[in-house]
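# Tertiary structure, described
In case you want the letters, here they are:
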Amino acid sequence: MKKIAVLGAGSWGTALAGLLGNKGYSVCLWGRPEDGVLDIEKTRENRRFLPGVFLPETVSMTTDMKEAISGAWLVVISVPSQAVREVTLKLKPWLGPRTVIVNTAKGLELKTYLRMSQVVAQVLGEEIINRYAVLSGPSHAEEVGQGMPTAVVSASYYKRTAFLVQEVFMTSNFRVYTNPDVAGVELGGALKNIIALGSGITEGLGFGDNPKAALLTRGLSEMARMGVAMGARSQTFAGLSGIGDLVVTCNSLHSRNRRAGMLIGQGKTLKEALDEVGMVVEGVTTARAAYELARRIKVTMPITRATYQVLFRNKDPLEAVSDLMRRKKKHEIEEIVKMTEGW
Ligand SMILES: NC(=O)C1=CN([C@@H]2O[C@H](COP(=O)(O)OP(=O)(O)OC[C@H]3O[C@@H](n4cnc5c(N)ncnc54)[C@H](O)[C@@H]3O)[C@@H](O)[C@H]2O)C=CC1
Ligand SMILES: O=C(CO)COP(=O)(O)O
């Protein structure tokens, strides 16, 4: 069977390696030595990041990048977004001329503000873009690992690549749609984590469902605003990588972004919250990158700004909520007002 490399032995890399291995692919899961790769190989279980999910014999483990990439026709990147550049640099010397790259990391790179496809293209050259897809959507590793019905989206500028990735990942419990809007799918997956952090903060403050619904809905609106300003399609934000992932991340007990937010809302510092969660909380770095980018390109993102201030400027979460509520009066949807004569 064709070989697939999965880079990143955390919860998502492990779940995807299991999914692909169960489909019969020969999967090589690469991780750093500190990820207990040898222990995973022996027990067939990633006890730290995905306990209770057992990997089939079709999945082998390595800490050697050359061994992982050599002969692979498809490479899945499942490391935190701030590590995507480093890992892409490491895989570059061994990458075959036709190997397809599937990125699953959700975030914006700090300082450069680049989306993950742009980071990968900077490292591997623009020509990679035809062989690149992003796989994103509401898909907690814990549930995918248990084979629960899940729907995600494969986006690529190149139709054949989007279709190929759909075909590779699709199972009776893992439904994959396609979308040509790479920017929209990447930004949906990245920006929803900021809103989930903010939503978790309101839960930690003891607030209920109304503030969560308000944050989620207005959060989606600012995600789409930023997306359109960066060339994405607004409709993509109504899809799996937008509203879909926002709903799951703001509500799920598995969500690290929601959990970190709740801890901060309860009075923990950012460091204490991150230590307690113990896994990557992508919304933290993305809040910083998106806040700075929004200022630079002059896009209004009040929830992102408020979340940034709580995370990095020691703003009291209650004061942040109060400031959001007291912003100047607004129309709900500007486009509708513009289309409505006499308003
Ligand atoms: N866990 C989930 O349910 C899902 C996660 N994702 C995304 O997948 C990406 C990875 O997340 P998770 O696996 O959940 O994180 P995790 O915190 O469970 O694991 C991250 C893994 O990456 C490793 N890592 C960190 N820096 C590294 C580096 N520089 N080089 C190599 N390995 C490194 C860590 O040691 C760890 O094994 C994130 O962008 C996340 O948003 C996407 C969909 C679902
Ligand atoms: O993106 C994810 C699920 O779709 C994982 O992020 P969280 O753990 O914050 O929910």
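Residues numbered from 1 in each chain as written. Chains lettered and ligands numbered in written order. Predicted model: local features only at pLDDT ≥ 70, side-chain atom pairs only at ≥ 80, totals over all residues.

As named in an unreviewed UniProt entry, the chain is Glycerol-3-phosphate dehydrogenase [NAD(P)+], taken from Syntrophothermus lipocalidus. UniProt, in the comment section headed Pathway (unreviewed entry), describes the chain in these words: "Membrane lipid metabolism; glycerophospholipid metabolism." What the UniProt record of the chain gives under Sequence similarities (unreviewed entry) is the line "Belongs to the NAD-dependent glycerol-3-phosphate dehydrogenase family." (UniProt positions renumbered as here; feature names shortened; annotations may be inferred.)

Here we come to the UniProt feature "binding site: sn-glycerol 3-phosphate" (unreviewed entry) in the chain. As annotated in UniProt, the feature "binding site: sn-glycerol 3-phosphate" (unreviewed entry) corresponds to K106, G137, S139, K192, D245, S255, R256 and N257 in the numbering used here. Inspection of the secondary structure puts K192 in helix α8 (residues 182–204). Those residues in contact with K192 that sit more than four places away from it in its chain are M223, D245, L246 and T249. You can see N257 is positioned in helix α11 (residues 256–265). When neighbours within four sequence positions are excluded, N257 is seen to be in contact with N193, A196, L197, G200, T249, V281, E282 and G283. (Helix = DSSP H or I, 4+ residues; strand = E, 2+ residues; numbered from the N terminus. Contact = placed C-beta atoms within 7 Å.)

The relative placement of two packed helices comes down to the angle between their axes together with the axis-to-axis distance. Relative to each other, helix α13 (residues 282–297) and helix α14 (residues 302–312) sit at 125°, their axes nearing to 9 Å. In terms of orientation, α13 and α14 fall into the oblique class. Where α13 crosses over α14, the two elements pack in a sense that is left-handed. Only T304, R305, T307, Y308, L311 and F312 of α14 make contact with α13, whose side of the interface consists of V284, A287, R288, A290, Y291 and A294. Across the contact of α13 with α14, the residue classes break down as 8 nonpolar, 2 polar and 2 charged. (Axes fitted to C-alpha atoms, helices over the stretch in contact; angles between N-to-C directions. Parallel < 35°, antiparallel > 145°, perpendicular 65-115°, else oblique. Left-handed = near helix turned anticlockwise from the far one by under 90°. Nonpolar A, V, L, I, M, F, W, Y, C, P; charged D, E, K, R; others polar.)

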